[in-house]
Amino acid sequence: MPAPASRAKEQRRLHNMHLIDAILRQESSPFTLILDSLEQSARPLIAEYIRRSTKKKEAKVHHHVVFVSFTTLKAPAGIDKLIEAWHIGGKDSQRWAKDVKDYLDATIKGWSAPQALSTQQDRSEHGNAPKKPQSILLIIDSLNHLASTPDTYARVPALLSSFLGPTTSIVAVYHADVPLPITMETMYSYNPGPLTSLRYSATTIFQLDSIKHAIAIKAARDRRYVDPTFGLDEEIEGVIQGLGANSKEGLALHMEHRRKTGRTIKEAYYLPLPTSHKDSSGIQQIALLSDHPQFQETGPEQEATAGDEEGLVQSSFDLNLSEQQKRDRANVNLPYYDAQTKGQAGLEGGRILYDMGSEDDFDEEEDEI
């Protein structure tokens, strides 16, 4: 029978694996915020969202993927509607929002409109048939443009909330290493920044890291070293990206999910990129970061053995005692042993003997204590 600790760990593992699968299928998170950087782009995760949406369409589910492009020039494969917001400027800078609302309204209206049925038999069959699931995934490839525009700086969450609905979920990307214009921070100095508001309103937040960087950070922490920095955080002139950025091996997802009850669930996952990690359906096999070979914890026995080996390597002599040395140590008669032995002359079993002087003040109560 497994120990309670191992059983609880396995239950937590299964629960969090089901949770990430539901989030990627847009079933548990109306608004997902992805924080990426130059060290790790959000494109692999966005591609995984689109790939899973394609599988939903193959399962005969009414599912549409709307892609709002602020930085993407070429439409990704697998989407149903591309709204190019990057070339809209001037007085029509917010026209993309109207285009999104019009498309969402038209799609939902098309689902709810009754279909024309030719015969009474078709009507009866249609009435008894179960209604197909309906959902819309709205992907925004960059929120930085909205965060740096005076018209939308202070109302980015409100604008995104206007797109949400019972059948609509949002996945938006925010480039965390892109600074905001100084003019925006000056104009709205008493308002929380867009990133703060987005973190507050999002139901799921993904912080992306390159898997190589995550492994390097873990190795440093295991040795009690300072966490290494990469790219812009190195603060080295001319360095924009660090070694191992956007690794082809995969990426680490640090998730923070908020349930309806307000409870927060935090977990780290590993999303591999090679095609060898796909299952028969073509979906990437995401796993817990703790299951990665470089992150697996060693057991107590292995840690003790490793500690002994390290001690032997680092020490120039043997600290262990032989059997003869242990017997000699046990036969040593220490001075206080005699004071603890009863029955000998002048000894009272280790009792402290003290002769009071004239300056001592005897107190019976303290003596009893």
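Residues numbered from 1 in each chain as written. Predicted model: local features only at pLDDT ≥ 70, side-chain atom pairs only at ≥ 80, totals over all residues. Heavy atoms only, no water.

## Section: the overall build of the protein chain
And then number 1: For the protein chain, the helix and strand inventory stands at 13 helices and nine strands.
And then number 2: A buried classification covers 31% of the 369 residues belonging to the protein chain.
And then number 3: Nonlocal contacts in the protein chain, meaning residues at least 24 apart in sequence, comprise 66% of its contacts between residues at least 6 apart.
And then number 4: Surface accessibility of the protein chain: about 24,100 Å² in total, with carbon and sulfur atoms responsible for 53%. (Helix = DSSP H or I, 4+ residues; strand = E, 2+ residues; numbered from the N terminus. Buried < 20%, exposed > 50% of the residue type's maximum accessible area, 1.4 Å probe, protein only. Contact = heavy atoms within 4.5 Å. Areas by Shrake-Rupley, 256 points an atom, 1.4 Å probe, with all protein chains shown as cover.)

## Comments concerning the nonpolar core
And then number 1: Counting residues in each nonpolar core, the largest one holds 33 residues, and the members touching the most others are Trp96, Leu143 and Phe163.
And then number 2: Of all the secondary structure elements, the ones that give two or more residues to this core are strand 1 (31–36), strand 2 (62–69), helix 3 (95–112), strand 4 (134–140), helix 5 (144–147), helix 6 (156–161) and strand 5 (168–175).
And then number 3: The leading source of residues in this core is helix 3, at six residues.
And then number 4: Counting 27 residues, the second-largest nonpolar core is a separate cluster that includes Ile23, Ile50, Val65 and Tyr269. (Core = buried A, V, L, I, M, F, W, Y, C linked by side-chain atoms within 4.5 Å.)

## Considering the packing of aromatic side chains
And then number 1: Enumeration according to the criterion identifies two aromatic pairs in this entry.
And then number 2: An aromatic cluster of three or more residues is present, and its members are Phe70, Trp96 and Phe163. (Phe/Tyr/Trp six-rings, centres within 6.5 Å; stacked < 30°, edge-to-face > 60°.)

## Remarks on the side chain of Ser135
And then number 1: Within the fold, Ser135 resides in strand 4.
And then number 2: In this structure Ser135 touches Lys56, His62, His63, His64, Trp111 and Thr167, once residues within four positions along its chain are discounted.

## Digging into the layout of surface pockets
And then number 1: When its volume is computed, the second largest pocket comes out at roughly 420 Å³.
And then number 2: Around the second largest pocket sit 20 residues that line it, and Ser41, Ala42, Arg43, Thr71 and Thr72 are the ones nearest its centre.
And then number 3: Sorting the residues of the lining of the second largest pocket by element identifies helix 2 (43–58) and strand 5 as the ones contributing at least two each.
And then number 4: Element by element, the count of residues in the lining of the second largest pocket is highest for helix 2, at three residues. (1 Å grid on protein atoms, 1.4 Å probe; cavity = no way out; pocket = protein on both sides within 12 Å on 5 of 7 lines; lining within 4 Å. Points joined across faces, edges and corners; volume = space filled by probe spheres on them.)

## Regarding the sheet that holds strand 4
And then number 1: Taken in spatial order, the nine strands make up an open sheet running 3-2-4-5-1-6-7-8-9, and their pairing is mixed. Of all strands in the sheet, those with a lone pairing partner are strand 3 (81–84) and strand 9 (287–288), marking the two edges.
And then number 2: One ladder, built from five bridges, connects strand 4 with strand 5; its direction is parallel. Looking across to strand 5, one finds that Leu137 is bridged to Ser169.
And then number 3: Across the sheet, helix 8 (residues 194–201) is in contact with strand 1, strand 5, strand 6 (204–210) and strand 7 (250–258); its angle to strand 1 comes to roughly 135°.
And then number 4: Docked against the sheet, helix 9 (residues 211–222) engages strand 6, strand 7 and strand 8 (264–272), running at close to 85° with respect to strand 6. (Pairing = 2+ DSSP bridges. Axes fitted to C-alpha atoms, helices over the stretch in contact; angles between N-to-C directions.)

## Thoughts on the environment of His292
And then number 1: For His292, the position within the fold is in the loop between strand 9 and helix 10 (300–314).
And then number 2: As a C-alpha pair, His292 and Ile211 span 81 residues in sequence and 9.9 Å in three-dimensional space.
And then number 3: Setting aside residues no more than four positions away along its own chain, His292 makes contact with Ile211, Ile215 and Tyr270.

## Quick look at the pattern of salt bridges
And then number 1: Counted under the stated rule, the structure contains 12 salt bridges.
And then number 2: For Arg52, the salt bridge is made with Asp21, and the minimal N-O distance between the two is 2.9 Å. Taken together, the residues span a long stretch of sequence, with Arg52 in helix 2 and Asp21 in helix 1 (residues 4–24) at a distance of 31 residues.
And then number 3: With relative accessibility at 28%, the residue Asp21 sits in the partly exposed group.
And then number 4: A salt bridge links Asp222 to Lys218; the shortest N-O distance between them is 2.7 Å. Of this pair, Asp222 and Lys218 both sit in helix 9, four residues apart, roughly one helical turn.
And then number 5: Classification of Lys218 as partly exposed rests on a relative accessible area of 22%. (Salt bridge = Lys/Arg side-chain N within 4 Å of Asp/Glu carboxyl O.)

## Some remarks on helix 9
And then number 1: With 12 residues, helix 9 ought to run about 16 Å at 1.5 Å a step, and its terminal C-alpha atoms sit 16 Å apart, in line with that.
And then number 2: Within helix 9 the residues assigned to the buried category are Ile211, His213, Ala214 and Ala220.
And then number 3: Those residues of helix 9 that are buried lie in contact with strand 6, strand 7 and strand 8.
And then number 4: Two residues or fewer after helix 9 comes Arg224, characterised by a positive phi angle close to 60°. (Expected span 1.5 Å × (residues − 1).)

## Here we look at the pairing of strand 4
And then number 1: Most of strand 4 sits inside the fold, with six of its seven residues counted as buried.
And then number 2: Note that strand 2 and strand 4 share seven bridges and pair parallel. Along strand 4, the bridge assignment pairs His64 with Ile136.

## Quick look at helix 3
The α-helix winds at 3.6 residues per turn, so residues separated by three or four positions along the chain end up facing the same way.
And then number 1: Relative to the 26 Å expected for 18 residues at 1.5 Å per residue, helix 3 spans 26 Å between its end C-alpha atoms, a close match to the ideal helical length.
And then number 2: For helix 3, the complete set of buried residues consists of Trp96, Ala97, Val100, Tyr103, Leu104, Thr107 and Trp111. One side of helix 3 holds all its buried residues, which, seen down the axis, span an arc of 130°. Among the exposed residues of helix 3, those oriented more than 90 degrees off its buried face are Lys98, Lys109 and Ser112.
And then number 3: Of the surrounding elements, those touching the buried residues of helix 3 are strand 2, strand 3, strand 4, helix 5, helix 6 and strand 5. (Arc of directions from axis to C-beta.)

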